[in-house]
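Commentary on secondary and tertiary structure
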Amino acid sequence: MERHSDSDITIRPLDISDSEDFINLYADEKVRKFSSRDAFTSKEAAIEYFMSTDIPHPWIRAICLSGRPVGSISVSPFYGTEKCRAELGYVVASDCWGRGIATAAVKMAAKAVFVDWGHLERLEAVVDVENPGSQRVMEKVGFKREGVLRKYYLLKGRPRDAVIFSLLSTDDPLS
Amino acid sequence: MAENTTENHKRSSKISLRPIQLSHIDDFMVWATDDRVSQYCIWDTYTSKVQALDFIKNNAMPHPWFRVICVENRAVGSISVSPNSGNDSCRGELGYVLAYEHWGKGVATKVVKMVVSSIFREWPHLERLEAYVDANNKGSQRVLEKAGFIREAVLRKHRIIKGISRDMVVFSILSSDQHLDS
């Protein structure tokens, strides 16, 4: 199992030239398995989604390995009485799994978003119960596993149980 | 919110759920202006009738599922189920509020059970009814447990109540869990 030095793994803002890499990322069946994104019907539709949804996202970064985009990580804010929290999500190309890339990216993104959003107190992640890989990533970064939410969300139209994790701005891994 | 443990407090006081009307304003003001009632709620104590009428007209009346809780034809609180959209549409969030005078009589437990027994039939796509309760609000936690909800987790610093982020306990009942014997 190849591991890369963390310095090979970087996160950076998206660029419109990333559209091709994003399309390939989501064309990957293994990536789509736990993604809420459906397969696009055409390349044009995929580019349209990238431009209209990914590019303007409130907080999104490309995950790069030696400068090459291999995934993306985003933090979606909540509003009003829920603005103390935000939800983390990420995808990594399946041929890059098992190399510590997601773990490194989540650590970097968590540190960065708490700096960018001073009002943020809680970063949470909702992980499908049948996605042990991502559950392990959360645990390795230092997120706390809080419980299982039953039939919490729909994945490809089916209700799924999900594990909820959280990292607080005051939690240890960030200090 | 304390619940009586003795069962013999079950009078035949008629409890019903009804659509809210502007004419409920005076009853609404009784619980909405009470700090003891708003303490664990995400809304701040109401300070004027204008503010309350605005809520009734622009929030409560157009709400997808909102009812006043009536005891002997008098509105003493409200209960609602808020739907979600898209990939979250399998779940709805329950919320309720009850005038202080009616605490400890089993009213909240009764109305929550009433909602549970009808909402899954009214919204066939609903799989999960959830509720988020301040970790310090032991009374409401007991109401949900008695109504058959399962306590799933404590979510740290999940919601802002009265300006401070709070730990919230999340409870749920599934369409496949619920018993129809309320």
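Residues numbered from 1 in each chain as written. Chains lettered and ligands numbered in written order. Predicted model: local features only at pLDDT ≥ 70, side-chain atom pairs only at ≥ 80, totals over all residues. Heavy atoms only, no water.

In the annotation of an unreviewed UniProt entry, the entry for chain B reads N-acetyltransferase domain-containing protein, and the organism field reads Rehmannia glutinosa.

As recorded in an unreviewed UniProt entry, chain A goes by N-acetyltransferase domain-containing protein and comes from Rehmannia glutinosa.

1. Topic: a nonpolar patch on the surface
A cluster of nonpolar side chains, namely I16(A), I47(A) and M51(A), defines an oily patch on the protein surface of about 250 Å² accessible area. With respect to the helices and strands, M51(A) occurs in helix α3 (residues 43-54). (Patch = residues over 30% accessible without salt bridge, like charges linked within 9 Å, V, L, I, M, F, W, Y side chains within 5 Å. Areas by Shrake-Rupley, 256 points an atom, 1.4 Å probe, with all protein chains shown as cover. Salt bridge = Lys/Arg side-chain N within 4 Å of Asp/Glu carboxyl O. Helix = DSSP H or I, 4+ residues; strand = E, 2+ residues; numbered from the N terminus.)

2. A word on the packing of aromatic side chains
All told, the structure shown has 10 aromatic pairs over all chains when counted by the stated rule. Between F22(A) and F50(A), the ring centres sit 4.9 Å apart and the planes meet at 55°, which makes this aromatic pair tilted. Of the two residues, F22(A) is situated in helix α1 (residues 19-27) and F50(A) in helix α3; the sequence distance between them amounts to 28 residues. Taken as a pair, F22(A) and F50(A) share a single burial class, namely buried. Pairing F40(A) with Y49(A) gives two aromatic rings, centres 5.3 Å apart and planes at 50°, and the pair type is tilted. For F40(A), a relative accessible area of 32% gives the class partly exposed. Note on Y49(A): relative accessible area 29%, which makes it partly exposed. Clustering of aromatic rings is evident, with ring pairs tying together F28(B), W31(B), W43(B), Y46(B), F55(B) and F66(B). Across the ring face of W59(A), the terminal group of R61(A) is positioned such that the distance to the ring centre comes to 4.0 Å. (Phe/Tyr/Trp six-rings, centres within 6.5 Å; stacked < 30°, edge-to-face > 60°. Buried < 20%, exposed > 50% of the residue type's maximum accessible area, 1.4 Å probe, protein only. Lys NZ or Arg CZ within 6 Å of the ring centre and 35° of its normal.)

3. Comments concerning the interface of chain A and chain B
The interface is formed by 26 residues belonging to chain A together with 28 residues belonging to chain B. Where chain A abuts chain B, roughly 2,200 Å² becomes buried across the two surfaces, and 50% of that area is made up of carbon and sulfur atoms. Across the contact surface, chain A and chain B share 6 salt bridges. The salt bridge involving R156(B) is made with E146(A); its shortest N-O contact spans 3.5 Å. The interface formed by chain A and chain B includes 13 residue pairs in polar contact (both at pLDDT 80 or more). (Contact = heavy atoms within 4.5 Å. Buried area = accessible area lost by both parts, 1.4 Å probe. Polar contact = N/O pair within 3.5 Å; in protein donor to acceptor, adjacent residues only side chain to side chain.)

4. Overview of the sheet that holds strand β7 (residues 164-174) of chain B
Residue and element names in this part refer to chain B. Taken in spatial order, the 7 strands of this open sheet run β1-β2-β3-β4-β5-β7-β6, and their pairing is mixed. Two strands close off the open sheet at either side, each with one partner strand: β1 (15-18) and β6 (150-161). Within this sheet the neighbouring strands show an average axis-to-axis angle of 30°, counted without direction. Looking at chain direction, β6 and β7 are connected through 8 bridges and run antiparallel. In the sheet register, I150 faces β7, and the bridge partner there is S172. Of the strands in this sheet, β2 (66-71), β3 (74-83) and β4 (91-98) are in contact with helix α1 (residues 25-32), which crosses β3 at around 80°. (Pairing = 2+ DSSP bridges. Axes fitted to C-alpha atoms, helices over the stretch in contact; angles between N-to-C directions.)

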